[in-house]
Amino acid sequence: MTFFRSKKYSSLADLVRACQAGDARAQTAFYERYKSKLLGLCLRYAKTKAEAEDIFQDGFIKVFKNINELRNVEVIDAWVKSVVIRTAINYYHRTTKEQQLHSNLEDFQREIDSGDYGKIITQIDMNVLLNVINTLPDGYRMIINLHLIDGYTHGEIGEMLSISDSTSRSQFLRGRNLLMRKLQEKGITQYEIF
């Protein structure tokens, strides 16, 4: 029964070419290759697991819709990640843009020394950090994820979110201070080693 025999792909390039040809088995294998990692990425941008799953599904629809435009297979991982991140940002724009990007400044009376920030962040278990980041207001969470976790510059963030790079910087600083305060409330300080 060769009908049920699974097709093996000898390389990522073969898998991508099969996806470009519309091979459903290849698309399933491709989807499974990225599912856990990118669903985790979507969870960082979404409020709930259901939203993250929606973002992931929308992202993969865009990936399969545009995979024929990809010419350089070596950049497939970065391309897929970029498509999913942009899908998350578009979802944010559609669903939460109406909410204020700025939280009440009275909540941020105490600024945390930026030296403490670097020390604490490098020592924290990533799961603890991501859980605390997910409690931040939407605008802060988005910018913290883009800058701190995904490594985008404030200029790139500004372009993606249709804000100025100075707004991205100020939101990052406010979000960082709130993040640090929340971490300190959990008892995580610069003196702990994880």
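Please refer to the structure placed before this passage.
This write-up is about the structure you can find in this document. (Residues numbered from 1 in each chain as written. Predicted model: local features only at pLDDT ≥ 70, side-chain atom pairs only at ≥ 80, totals over all residues. Heavy atoms only, no water.)

The subject of this paragraph is the environment of Gln171. Position of Gln171 among the secondary structure elements: in helix H9 (residues 165–185). Judged by relative accessible area, Gln171 falls into the buried class, the value being 0%. (Helix = DSSP H or I, 4+ residues; strand = E, 2+ residues; numbered from the N terminus. Buried < 20%, exposed > 50% of the residue type's maximum accessible area, 1.4 Å probe, protein only.)

What follows deals with the pattern of salt bridges. The final tally for this structure, using the stated rule, is eight salt bridges. The partner of Arg44 in a salt bridge is Asp150, and the shortest N-O contact between them spans 2.5 Å. On the criterion of sequence distance, the pair formed by Arg44 in helix H2 (residues 24–45) and Asp150 in the loop between helix H7 (138–149) and helix H8 (154–161) is long-range, its members being 106 residues apart. A relative accessible area of 10% places Arg44 in the buried class. Of the charged contacts in the structure, one is a salt bridge between Arg141 and Asp138, with a shortest N-O distance of 3.0 Å. Taken together, the positions of Arg141 and Asp138, both in helix H7 and three residues apart, correspond to about one turn of that helix. One network of salt bridges, with partners in common, ties together Arg44, Lys81 and Asp150. (Salt bridge = Lys/Arg side-chain N within 4 Å of Asp/Glu carboxyl O.)

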